[in-house]
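Residue-level structure breakdown
The chain contents come next:
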Amino acid sequence: MKIGIDIDNVIANTFAELVPYYNRFMGYESTPEEVVATMKRRKLKMLHYYFKAWQDKVMTKISVIAGAAETIKDWHGQHEISLITSRMSIFNRQTRQWLNNHSVPFHSLYHAKEKTKHLKANGCQIFIEDNFEECEILADHCERVFLLDYPWNRRATTKSNIIRVENWQQIKSLTLPQTFCYNQTAWNNRHKHRRSPE
């Protein structure tokens, strides 16, 4: 089986650990939704931000999300692991070094612009992502798409093969045969009173 996996906020605990640095860089505090909107809208500003984050070695200190490295290691010997990130390709060397430092194995690493990951995910039966719009597109190309739950992606989808999950333990259990289907509809019903506004 071929498994596609995003890096930031899926393997790397990027958002949670960069919030203080991001707020200092921007000069004001932002909500998760505002950070995501700024990253999409102010590309040049974000390019400067990421250069400075790598220069200041902030990005190199980001930790691995609990369960990610262990699960990927378990899969690596039996499945093809393809990491597909929206990080710019100029950070390829640093990204590979971070993955190596944290013992995250993979067979291939691709850089793709937002909403184009499906072009690199050709043949992936499973994809793991935190970007809602990306998942909507990937769902048309992959059998199952696992959407890691974050405040910025709490929206409903009509696509039954997008499966909202809360952690890597759940992802691992749901990739096994004959497990229950924890789908978007179930999540909507369970979290409807605490979902962030669109």
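A short tour of the structure in this document, coming up. (Residues numbered from 1 in each chain as written. Predicted model: local features only at pLDDT ≥ 70, side-chain atom pairs only at ≥ 80, totals over all residues. Heavy atoms only, no water.)

A contiguous nonpolar surface patch, about 260 Å² in accessible area, is contributed by F51, M88 and I90. Take I90: it is sitting in the loop between β2 (80–85) and α5 (92–101). (Patch = residues over 30% accessible without salt bridge, like charges linked within 9 Å, V, L, I, M, F, W, Y side chains within 5 Å. Areas by Shrake-Rupley, 256 points an atom, 1.4 Å probe, with all protein chains shown as cover. Salt bridge = Lys/Arg side-chain N within 4 Å of Asp/Glu carboxyl O. Helix = DSSP H or I, 4+ residues; strand = E, 2+ residues; numbered from the N terminus.)

Before going further, it helps to examine the packing of helix α2 (residues 32–41) against helix α3 (residues 43–55). Here α2 crosses α3 at 105°, and the two axes come no closer than 6 Å. As far as their axial angle goes, α3 and α2 are roughly perpendicular. Residues T38, M39, K40 and R41 of α2 pack against K43, M46, Y49 and Y50 of α3. (Axes fitted to C-alpha atoms, helices over the stretch in contact; angles between N-to-C directions. Parallel < 35°, antiparallel > 145°, perpendicular 65-115°, else oblique. Contact = heavy atoms within 4.5 Å.)

Quick look at the nonpolar core now. In terms of nonpolar packing, the biggest core is built from 44 residues, with I5, I11, I128 and W168 touching the most fellow members. Top element by residues in this core is helix α1 (residues 14–26). It accounts for 6 residues. Those residues within four positions of I11 in sequence are excluded, and the remaining contacts are I5, D6, S63, V64, I65, A68, I72, L83, W98, V104 and W168. Counting 13 residues, the second largest nonpolar core, distinct from the first, contains I84, C124, C135 and L147. (Core = buried A, V, L, I, M, F, W, Y, C linked by side-chain atoms within 4.5 Å. Buried < 20%, exposed > 50% of the residue type's maximum accessible area, 1.4 Å probe, protein only.)

As a further point, take the packing of aromatic side chains. Evaluated as defined, the whole model comprises 9 aromatic pairs. On the numbers, 4.5 Å between centres and 5° between planes, the contact of Y150 with W152 is stacked. A network of ring pairs unites the aromatic residues Y21, Y22, F25, Y49 and Y50 as a single cluster. (Phe/Tyr/Trp six-rings, centres within 6.5 Å; stacked < 30°, edge-to-face > 60°.)

The next subject is the packing of α1 against α3. Across the interface, α1 lies against α3 with an axial gap of 11 Å and an inter-helix angle of 125°. The pairing of α1 with α3 is recorded here as oblique in orientation. You can see that α1 and α3 cross each other, and the crossing is right-handed. Together, L18, Y21, Y22, F25 and M26 of α1 and K45, M46, H48, Y49, K52 and A53 of α3 make up the contact between the two elements. Classifying every residue of the contact of α1 with α3 gives 8 nonpolar, 1 polar and 2 charged. (Left-handed = near helix turned anticlockwise from the far one by under 90°. Nonpolar A, V, L, I, M, F, W, Y, C, P; charged D, E, K, R; others polar.)

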